[in-house]
Each structure stands twice: as structure tokens, then as C-alpha cells.
Protein chains: 2
Amino acid sequence: MNKLYVVGIGPGNYEEMTLRAIRTLEECQVIVGYTVYVDLIKSHFPDKEFITTSMRQEIERCRIAFSQADLGKKTAMICSGDSGIYGMSGLILEIGAEYPKVSVELVSGVTAALSGAALLGAPIMHDFAVISLSDLMTPWEQIEKRLEAAAKADFSICLYNPSSKKRADYLRRACDILLKYKNKDTPCGIAINIGRREEDSSLYTLEMLRDIQVDMFTTVFVGNSATKIINGKMVTPRGYKIK
Amino acid sequence: MNKLYVVGIGPGNYEEMTLRAIRTLEECQVIVGYTVYVDLIKSHFPDKEFITTSMRQEIERCRIAFSQADLGKKTAMICSGDSGIYGMSGLILEIGAEYPKVSVELVSGVTAALSGAALLGAPIMHDFAVISLSDLMTPWEQIEKRLEAAAKADFSICLYNPSSKKRADYLRRACDILLKYKNKDTPCGIAINIGRREEDSSLYTLEMLRDIQVDMFTTVFVGNSATKIINGKMVTPRGYKIK
């Protein structure tokens, strides 16, 4: 059976890949992915055939990967973070029906909610919601509804895709919704370029977060009502009684 | 500065650890953890000093880890999955103030929401909520409120700690709440003993899930209104228009 692997490469640095992801890529002949992600790992996997496509060409990228696998070449489609969280696993499985001779295997990776959290402290130690602010494929009303529900039920919240050139004010709009239910002093944090050269993180209050300009390489964390700052780290306690 | 690492070891098998987690454990002299997790990795790290404590001794476990680090021994506290998701990062940072000479570093791992999702397909490809059904430290009313909010706003949901001996009917109680807002045919899945010898997964409808008996090594996934079963896999589409 021809094999197509969907591999989450983690935040970006080689060290944060799982051993299984590394070994899978080592075994493959062809590695397909978005240009930026391929560039992150390329030097660690010499002698591979790399095929890159630009952003917004996800369906084409999947078909290229399947075609390569269909030719009998062991192929990997790579995603940043985890392949199953806003990654390519879903689309690959949806398109897979068209390629009955290719068997798909999914390989997990550390998604930005996890790697970003580790940079900031422990912001999502308890129940949390993950919401993408991109309205490319999701109506903004649906996103608003989820923000509202998550804030009302006191979830910690992790926001993916908090901004882009066309959506410069989306984080502000999201904060305004969260501020209806969460205290303005709720600890928040952002993680930027996790696992990459310009990695950075900062802490804010929810009120301050509203006025921060972020980009698409930023992951945003909003605490719950118990979240606090301890020694410069954002910590959402699980509820242990420390004596 | 004395070093204490909090390391997520992933679902259980060595291959699903990140390279950073492996290298960190290799560099440490002492590895502290819950007995079950230590047993999972022990054979891969010979010549280490292992210190285990049983369940519900989390605070004591943290103090043991800090004491070891305080003696100048490079120490790792291990957690299954990710250290920052229902793991030990939070408690370590809370207790850390008592040990000013120890510097804490957090190392991410693949949490069960990710590894379980990969077993089942792509159930949490879009916005999702992670909720623990354990009411040891969280009032059940708060858990109910979060289940209700997540269902109402059409999140995919991942449930941790869905059951234990004392809480045999909690998954049923949770399903009854979700059924108020989600269709009874909503695709659901469970992942059992992920990355371990008896790894298994099964698909259900939400109505069927209500009557399933699960244990504490099970992670439960509930789809959103768009989730479907494709070739035996649970897939929550992101919204790509496939032509």
C-alpha cells in the first residue's frame, strides 16, 4: 500500500519535533508543505525531494502529496504545530477517498497552544478553549459566539490566527467580547515566533491586550478567573491546596 | 543556578516524545514522577535516579523534585502528555517561590487531545474545548457550565478524565448535558491507552457514547455540527471547498 504521512513538525525548531516525526520524515522520499514550514526543517533532511506551495493552496498541496504517494513514493505532508489542529489532517482525510491506493497515517506534533503555553508559564493548566480568529472559512458571527461562550463559562482561551493584514483589528474585537464577561485585569500573554529565531513572549492584562498589534505568527492566551502572575509567569492553577 | 525541568513525555511510547524531552531527560541525574509514567520510560534512561510517588501526592512530588534540584542535581519532573495541560507545570511554578535557587524550565509534550485525535482521524481540526470531568478539585457545577457553553457554541469537545471508580456515571452525565444542544447522531470517538500496549479507539454517536463504560486511561472526543465519518475516520472539516 502506498503511504502518505501527515506530520506535525511542532513550533519550528528541530528539537521540538517528536522522534516519530523525525523518523517518519527520514524514511520518506518526498516532503510536501507550505514554503515557510519546509524552510524550517529542510537542512535537517538532506537528499529529500521537497515540494512547496504557497499559502491558500491547501487543496492543491494535498493533491500534489497524494499524487506523489500514488506513484509509490513514500510521502510526507508537513504542517507546523500539530497536523490535527488547524493543520492538514482533515483535508487529507476528506480528499483521501479519491486515492484508494494511498493509506494515510497521522503523526502528532506540539501545537502552538502547548509550546506557547510553556513559554509563558502554565496558562492552560485547566479547562480551555482554542479559537481561531480567522474568518476566511468561518463566519465571524460563529467566532463571536464561541468567544462569548468561552468567556462566559470561564475557560482559559488560546487564540490562533489573531491577526493578518486584512484583519488588523480582530484581536481588539475579540477582546471587546471577552471583556463583557472577563475582568479587565485578567492575565493574558502572547507568544511570538515560537521555536524560531525571533521567539518572544510578553504578558498583559486583558484591557492592555486589546491595544496590542499582533501578527499571524502570534499565539494569544487569555486566563480564567483564577489565573495569576507568579514570578513573571502566567499560571492557571488546577486547584491544589498548597500548605 | 540549579535546574528543574518539567517534561511532558507524550502519550507513553518513547517515539512520541520530542527530541528536546529526550535530551533533557538524558542530561538529568534525577527523574521524578507518578509511578505509572516513570515505568513507561524507565528502560530508555538507564543510570538515572528515579523517584516515584503515587497518585494524589502531587504537592509532595513537587517538593521532592525541588529538593533534589536544590541539592544541585539536575532534576526532571515528568508528566504524561504535555506538562502544561492538566500536568505539573502549574503546581511547580506555584511552589517555585519557595525555592529561589532553582530555575524552572518547561518542556512540552504531545497531550492526549492531539495523540488521541490522530488515532481517530481529525476530530478537533477546528475550534475546540478541552474539559476535564474530574471534580476532585473543580465543582461539578462549573464542569456542567463549561460543557453546556461548549455544546451551545458548537465547539468540538475533548474530555479528559472521563471516569474513575468513584465517578462511573460522569460521562453519561456529561453526554446528557451535551445532548441538550448537540444532535444525538453527532460523531464521537474514544481513544484508550494511547501510545501504550493496549492502544485502541472506537467511534460512536453521541447517543451511544452515553452508554459506554470508560476508564481513566480514556480520552473522549465529541464532534461539532459539521463533523462526519469518512472511511472510518472522525473528521471535523475546517471549511475548505473541495472541487
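Residues numbered from 1 in each chain as written. Chains lettered and ligands numbered in written order. Predicted model: local features only at pLDDT ≥ 70, side-chain atom pairs only at ≥ 80, totals over all residues. Heavy atoms only, no water.

Asker: I would appreciate a short explanation of the interface of chain A and chain B in the present structure.
Answerer: Many descriptions give the size of an interface as the accessible area lost when the pieces come together. Facing 71 residues of chain A, the contacting portion of chain B comprises 71 residues. Buried area between chain A and chain B, summed over both chains or domains, comes out near 6,200 Å², and the portion from carbon and sulfur atoms is 60%. Per-residue buried area on chain A facing chain B is highest for Met137(A), Arg146(A) and Tyr240(A); these three make up 12% of the total on that side. Put simply, chain A and chain B have ten salt bridges between them. Along the contact surface separating chain A from chain B lie 34 residue pairs in polar contact (both at pLDDT 80 or more). Here the side of chain A that touches chain B is built from residues that sort into 33 nonpolar, 19 polar and 19 charged. Where strand S7 (residues 128-132) of chain A lies against strand S7 (residues 128-132) of chain B, three bridges are found, and the strand directions are antiparallel. The partner of Phe128(A) across the bridge, within S7(B), is Val130(B). (Contact = heavy atoms within 4.5 Å. Buried area = accessible area lost by both parts, 1.4 Å probe. Salt bridge = Lys/Arg side-chain N within 4 Å of Asp/Glu carboxyl O. Polar contact = N/O pair within 3.5 Å; in protein donor to acceptor, adjacent residues only side chain to side chain. Nonpolar A, V, L, I, M, F, W, Y, C, P; charged D, E, K, R; others polar. Pairing = 2+ DSSP bridges. Helix = DSSP H or I, 4+ residues; strand = E, 2+ residues; numbered from the N terminus.)

Asker: Any chance you could explain the relation of the copies chain A and chain B here in plain terms?
Answerer: For the pair of chain copies, the relating transformation is a rotation about an axis with a translation along it. Structural alignment of chain A on chain B gives an RMSD of 0.0 Å, achieved by rotating through 180° and translating 0.0 Å along the axis. In the structure described here, the two chain copies are related by an operation that fits a two-fold rotation axis. Same-surface contact between copies: 100% of interface residues of chain A are shared with the interface of chain B. (Least-squares fit on C-alpha atoms with pLDDT ≥ 70 in both.)

Asker: I'm lost on unusual backbone geometry in this one. Help?
Answerer: With glycine set apart, most residues show a phi of negative sign, and most peptide bonds adopt trans. All names here are of chain A. Even without glycine at this site, Asp47 takes up a positive phi of about 70°. When you line up the elements, Asp47 lands in the loop between helix H2 (35-41) and strand S3 (49-53). Residue Tyr86 is not a glycine yet carries a positive backbone phi of 50°. Taking relative accessible area as the criterion, Tyr86 reaches 12% and is therefore assigned buried. (Buried < 20%, exposed > 50% of the residue type's maximum accessible area, 1.4 Å probe, protein only.)

Asker: I'm lost on the environment of Thr24(B) in this one. Help?
Answerer: With respect to the helices, strands and loops of the structure, Thr24(B) is situated in helix H1 (residues 19-27). Discounting residues that sit within four places of it in the chain, Thr24(B) has contacts with Tyr5(B), Val7(B) and Val107(B).

Asker: Would you mind going over helix H5 (residues 112-120) of chain B with me for this structure?
Answerer: Side chains three or four residues apart in an α-helix point the same way, a direct result of the helix having 3.6 residues per turn. All names here are of chain B. Burial within H5 is extensive, with eight of its nine residues counted as buried. Buried within H5 we find Ala112, Ala113, Leu114, Ser115, Gly116, Ala117, Ala118 and Leu120. Once H5 finishes, Gly121 follows within two positions and takes phi at roughly 140°, a positive value.

Asker: Quick question: what am I supposed to make of empty space enclosed by the protein here?
Answerer: The method is simple in principle: a probe with the dimensions of a water molecule rolls over the atoms, and the space it marks as empty is what remains. In the structure shown here, the tally under the stated rule is two cavities of 30 Å³ or more. Estimated volume of the largest cavity: approximately 50 Å³. In terms of lining residues, the largest cavity is bounded by His126(A), Arg238(A), Tyr86(B), Ser132(B), Ser134(B), Leu136(B), Met137(B) and Thr138(B). Broken down by class, the residue content of the lining of the largest cavity amounts to three nonpolar, four polar and one charged. Computed from the structure, the second largest cavity encloses a volume of approximately 30 Å³. What lines the second largest cavity is simply Ile85(A), Thr111(A), Ala113(A), Leu114(A), Phe128(A), Ile85(B), Thr111(B), Ala113(B), Leu114(B), Phe128(B) and Val130(B). Elements represented by at least two residues in the lining of the second largest cavity include exactly helix H5 (112-120) of chain A together with H5 and S7 of chain B. Taken together, the residues that form the lining of the second largest cavity break down as nine nonpolar, two polar and no charged. (1 Å grid on protein atoms, 1.4 Å probe; cavity = no way out; pocket = protein on both sides within 12 Å on 5 of 7 lines; lining within 4 Å. Points joined across faces, edges and corners; volume = space filled by probe spheres on them.)

Asker: What's the story with the packing of helix H6 (residues 140-152) of chain A against helix H7 (residues 170-178) of chain A in this structure? I'm lost.
Answerer: Two numbers describe a pair of packed helices, the interaxial angle and the distance between the axes. Residue and element names in this part refer to chain A. Two elements in contact, H6 and H7, have axes separated by 9 Å at closest approach and are oriented at 40°. As judged from the angle between their axes, H6 and H7 are oblique. Relative to H7, H6 is oriented so that their crossing is right-handed. When H6 is examined against H7, the residues Trp140, Glu144, Leu147, Glu148 and Ala151 are found in contact with a partner set consisting of Tyr170, Arg173, Ala174, Ile177 and Leu178. Of the residues assigned to the contact of H6 with H7, the class counts are seven nonpolar, no polar and three charged. (Axes fitted to C-alpha atoms, helices over the stretch in contact; angles between N-to-C directions. Parallel < 35°, antiparallel > 145°, perpendicular 65-115°, else oblique. Left-handed = near helix turned anticlockwise from the far one by under 90°.)

Asker: What is the right way to read the pattern of salt bridges from this model?
Answerer: Side-chain pairing between opposite charges can occur once the charged atoms of the two side chains come close. Tallied over the full model, the rule gives 32 salt bridges over all chains. For Glu105(B), the salt bridge is made with Arg20(B), and the minimal N-O distance between the two is 3.2 Å. Of this pair, Glu105(B) sits in strand S5 (residues 102-107) while Arg20(B) sits in helix H1, and the two are 85 residues apart along the sequence. A relative accessible area of 26% places Glu105(B) in the partly exposed class. We classify Arg20(B) as buried; its relative accessible area is 17%. Linking Arg173(B) and Asp169(B) is a salt bridge whose minimum nitrogen-to-oxygen distance equals 4.0 Å. Overall, the relative accessible area of 31% leaves Arg173(B) in the partly exposed class. Taking relative accessible area as the criterion, Asp169(B) reaches 37% and is therefore assigned partly exposed. What emerges from the salt-bridge pattern is a single network uniting Lys3(A), Arg20(A), Glu105(A) and Glu16(B).

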